[in-house]
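Each chain, written out:
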Amino acid sequence: MTSSSSPSQDTNRFAHSQAEGLRADALMEEDVAWSFEIDGERDGDQFDRSERAALRRVAGLSTELEDVTEVEYRQLRLERVVLVGVWTSGTAQDAENSLAELAALAETAGALVLDGVIQRRDKPDAATYIGSGKAEELRDIVLESGADTVICDGELSPGQLIHLEDVVKVKVIDRTALILDIFAQHAKSREGKAQVALAQMQYMLPRLRGWGQSLSRQMGGGKGGGLATRGPGETKIETDRRRIREKMAKMRREIAEMKTGREIKRQERKRNKVPSVAIAGYTNAGKSSLLNRLTGAGVLVENALFATLDPTVRRAETPSGRLYTLADTVGFVRHLPHHLVEAFRSTMEEVGDSDLILHVVDGSHPNPEEQLAAVREVIRDVGATGVPEIVVINKADAADPLTLQRLLRVEPRSIAVSARTGRGIPELLALIDSELPRPSMEIEALVPYTHGKLVARAHDEGEVLSEEHTPEGTLLKVRVHEELAAEFAPYVPTPAG
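Residues numbered from 1 in each chain as written. Predicted model: local features only at pLDDT ≥ 70, side-chain atom pairs only at ≥ 80, totals over all residues. Heavy atoms only, no water.

If you look the protein chain up in an unreviewed UniProt entry, it shows as GTPase HflX from Streptomyces griseorubens. Word for word, the UniProt comment on the protein chain under Sequence similarities (unreviewed entry) is "Belongs to the TRAFAC class OBG-HflX-like GTPase superfamily. HflX GTPase family." We quote the UniProt Subunit (unreviewed entry) comment for the protein chain here in full: "Monomer. Associates with the 50S ribosomal subunit." (UniProt positions renumbered as here; feature names shortened; annotations may be inferred.)

With that settled, the discussion passes to the overall build of the protein chain. A tally of regular secondary structure across the protein chain gives 18 helices and 14 strands. A sequence separation of at least 24 residues applies to 68% of the contacts in the protein chain between residues at least 6 apart. Accessible surface, the protein chain as shown: approximately 26200 Å² in total, 52% of it carbon and sulfur. (Helix = DSSP H or I, 4+ residues; strand = E, 2+ residues; numbered from the N terminus. Contact = heavy atoms within 4.5 Å. Areas by Shrake-Rupley, 256 points an atom, 1.4 Å probe, with all protein chains shown as cover.)

Attention now moves to the sheet that holds strand S12 (residues 441–447). The strand order across the open sheet built from three strands is S12-S14-S13, with neighbouring strands paired in antiparallel fashion. A single partner strand is all that each edge strand has here, and the edge strands are S12 and strand S13 (463–469). Along the sheet, successive strands turn relative to each other by an average axial angle of 10 degrees, direction set aside. Where S12 meets strand S14 (residues 474–480), seven bridges bridge the pair, whose relative direction is antiparallel. Across the sheet, the residue bridging to Glu442 is Arg479, located in S14. Along the sheet face, helix H17 (residues 452–461) touches S12, S13 and S14 and points at about 145 degrees away from the line of S13. (Pairing = 2+ DSSP bridges. Axes fitted to C-alpha atoms, helices over the stretch in contact; angles between N-to-C directions.)

To continue, consider helix H5 (residues 92–108). The end-to-end C-alpha distance of H5, which contains 17 residues, comes to 24 Å, matching closely the 24 Å that a straight helix rising 1.5 Å per residue would cover. Against the buried residues of H5 lie strand S2 (79–87), strand S3 (111–120), strand S4 (149–152) and helix H8 (175–186). Following H5 by one or two positions, Gly110 has its phi on the positive side, about 100 degrees. (Expected span 1.5 Å × (residues − 1).)

The tally for this structure, following the rule as stated, stands at 15 salt bridges. Across the pair Arg420 and Asp397 runs a salt bridge whose closest N-O atoms are separated by 2.6 Å. In this pair, Arg420 sits in the loop between strand S11 (414–416) and helix H16 (425–435) while Asp397 sits in the loop between strand S10 (389–394) and helix H15 (401–410), placing the two residues 23 residues apart along the sequence. Classification of Arg420 by relative accessible area gives exposed; the value is 64%. On the accessibility criterion, Asp397 (34% relative accessible area) is partly exposed. Between Lys477 and Glu442 there is a salt bridge, and its shortest N-O distance comes to 3.9 Å. Here Glu442 lies in strand S12 and Lys477 lies in strand S14, a separation of 35 residues in the sequence. Overall, Glu442 belongs to the partly exposed group, its relative accessible area being 44%. Salt bridges sharing common partners tie together Glu101, Asp153 and Arg175. (Salt bridge = Lys/Arg side-chain N within 4 Å of Asp/Glu carboxyl O. Buried < 20%, exposed > 50% of the residue type's maximum accessible area, 1.4 Å probe, protein only.)

We now examine the pairing of S13. The two faces of a sheet get side chains in turn, since along a regular strand they alternate between them. Pairing of S13 with S14, which is carried by six bridges, proceeds in the antiparallel orientation. Counted as the bridge partner of Val464 is Val478 from S14. Counting the residues between successive antiparallel strands, the hairpin from S13 to S14 contains four residues, one of them, Gly473, with a positive phi of roughly 160 degrees.

As a further point, take unusual backbone geometry. Phi at Asn284 takes a positive value of approximately 70 degrees, unusual for a residue other than glycine. With respect to the helices, strands and loops of the structure, Asn284 is situated in the loop between strand S6 (276–281) and helix H11 (287–295). Residue Asn284 is classed as partly exposed on the basis of its relative accessible area, which comes to 24%. At Lys395, a position not held by glycine, the phi torsion is positive, near 60 degrees. Position of Lys395 among the secondary structure elements: in the loop between S10 and H15.

Before going further, it helps to examine the nonpolar core. Within the largest apolar cluster, 66 residues are counted, with the highest numbers of intra-cluster contacts made by Leu290, Phe332, Leu358, Val392 and Leu428. Every residue in contact with Leu428, bar those within four places of it in the chain, is listed here: Leu290, Leu294, Leu358, Val392, Ile415 and Val417. Grouped together as the second largest cluster of nonpolar side chains are 23 residues, Leu114, Val150, Cys152 and Val172 included. (Core = buried A, V, L, I, M, F, W, Y, C linked by side-chain atoms within 4.5 Å.)

A few words on the sheet that holds S6. What the six strands build is an open sheet, ordered S7-S8-S6-S9-S10-S11; its pairing is mixed. One side of each edge strand has no neighbouring strand; the edge strands of this open sheet are strand S7 (312–317) and S11. The sheet shows a mean angle of 25 degrees between the axes of neighbouring strands, direction not considered. The strands touched by helix H14 (residues 368–381) are S6, strand S9 (356–362) and S10; relative to S9, the strand with the most contacts, the crossing angle is about 145 degrees.

Moving on to a positive patch on the surface. On the surface, a cluster of positive charge is contributed by Arg243, Lys247, Lys250 and Arg253. Within the fold, Lys247 resides in helix H10 (residues 236–271). Residue class for Lys247 comes out exposed when judged on its relative accessible area of 52%. (Patch = residues over 30% accessible without salt bridge, like charges linked within 9 Å, V, L, I, M, F, W, Y side chains within 5 Å. Lys, Arg positive; Asp, Glu negative; His and termini not counted. Charge placed at Lys NZ, Arg CZ, Asp CG, Glu CD.)

So, about the confidence of the model for the protein chain. Counting all residues, the mean pLDDT for the protein chain is 76, and 73% of those residues have values of 70 or more. Per-residue pLDDT, averaged within each element of the protein chain, yields its smallest value for helix H4 (residues 68–77) (42) and its largest for S11 (93). Counted against residues more than four places away or in other chains, residues 1–5, with its pLDDT under 50, gives 14 contacts. The model gives residues 38–44 a pLDDT under 50, and that stretch makes six contacts with residues more than four places away or in other chains. (pLDDT = per-residue confidence, 0-100.)

A few words on the packing of H14 against H15. Relative orientation of the contacting elements H14 and H15 amounts to 40 degrees, with a least axis distance of 11 Å. Relative to H15, the element H14 is oriented oblique. Contact residues: H14 offers Pro368, Glu369 and Leu372, while H15 offers Thr403, Arg406 and Leu407. When grouped by side-chain class, the residues that make up the contact of H14 with H15 number three nonpolar, one polar and two charged. (Parallel < 35°, antiparallel > 145°, perpendicular 65-115°, else oblique. Nonpolar A, V, L, I, M, F, W, Y, C, P; charged D, E, K, R; others polar.)

Another point: the environment of Ala92. Tracing the chain through its elements places Ala92 in helix H5. Ala92 gets classed as partly exposed once you look at its relative accessible area, which sits at 24%. Residues Ala92 and Arg120, spaced 28 residues apart in sequence, show a C-alpha to C-alpha distance of 9.2 Å.

Laid out in structure tokens, this is it:
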């Protein structure tokens, strides 16, 4: 983050602080005197009161291209945006990281980021999010850069949205609307599109605005006009709200019907005692790459946020030969809109119903601990806190070794891998094998060759410890669940004597 003051002002302020330090040394004991050499690095940048409250530009956010031909093409189709955030807690670096993530979201949505500013406040302004004075400064930045949209790093109330648009004179959207737009672009399946549409309508309902004829009232009910038409009637905006509520009810019914089909498949897997593993994690952490590496699924892999939305379930096998299913779920993000959590709850149930969660985190990210906390918050929201978890630190080939060591030390059940190079994948497969629930009963049976299907089921649904072919049949030592053990009972040799 860079201050808005000029270099000469910075030099004067630095010289002034040195002079103040010298005067203080004459008045205070040597052991409590402030020293720029000792304390300057520790305290970081010191800002005047006015500078702390000012809008401060965040450097390096612009995504404008330098190639003239590409710029001309992109400017025809992309919105030009300015980002604005309110820094209420944490460090300045935390605020910059949040705005950098917003820039990545905006670019994923197809926007061209021109500038980004942060306002230091105790809490967002109730009227204009950043305060009326700073809103006018933001308007000047918008005019200077030629932007046509402002994106706020937070969820704005309907009142904040209206008042800020009135000041800056361009379209204003918030973080939630931006994420919803990305989801709408990337949803491919019928269920994914229905879930996104439901979330968008939930977001839109309290934010409907009307003017002119939108506020005029329809004529009252009754037949043939006359006295039967008295009454205030219904305004057009009220009609729109009613229609949205009706559409939302229809979407919920459709999603519930689609959920039934997925539950039938899930119950079939449970009936066959096939363990399930869910891949969860922050968006762009490499979940789809990991799924492809483990199963060869061929899922779309792209260096973009929320590149894949629709859950993918694939069959996989442990090194010991045990079958299990591996499900790739939608990526999470900080401050994931609650509309999306509700709309995608049926999809996220794959996480809650799994036997093991592979929690993928980007080891090359500046703050992977924040990603872990954000994902665990969503996992808690969908009621999956009781499921065992393995933290998979992905992109180990690009991560800082010190960061990897810190994460491996802090997270007891963790492993560092690279889905791109294959590093650590064999160790991860062995760890999945050891963590998956095992069948409860261990038996030894001599199965006649005429009952080969039972031997095949032992391989598919149980864990074969040893197998020997004898003249009488197949001698198996297996670990199986209770239902299958009952079918093996006739072939279990009785103890002699």
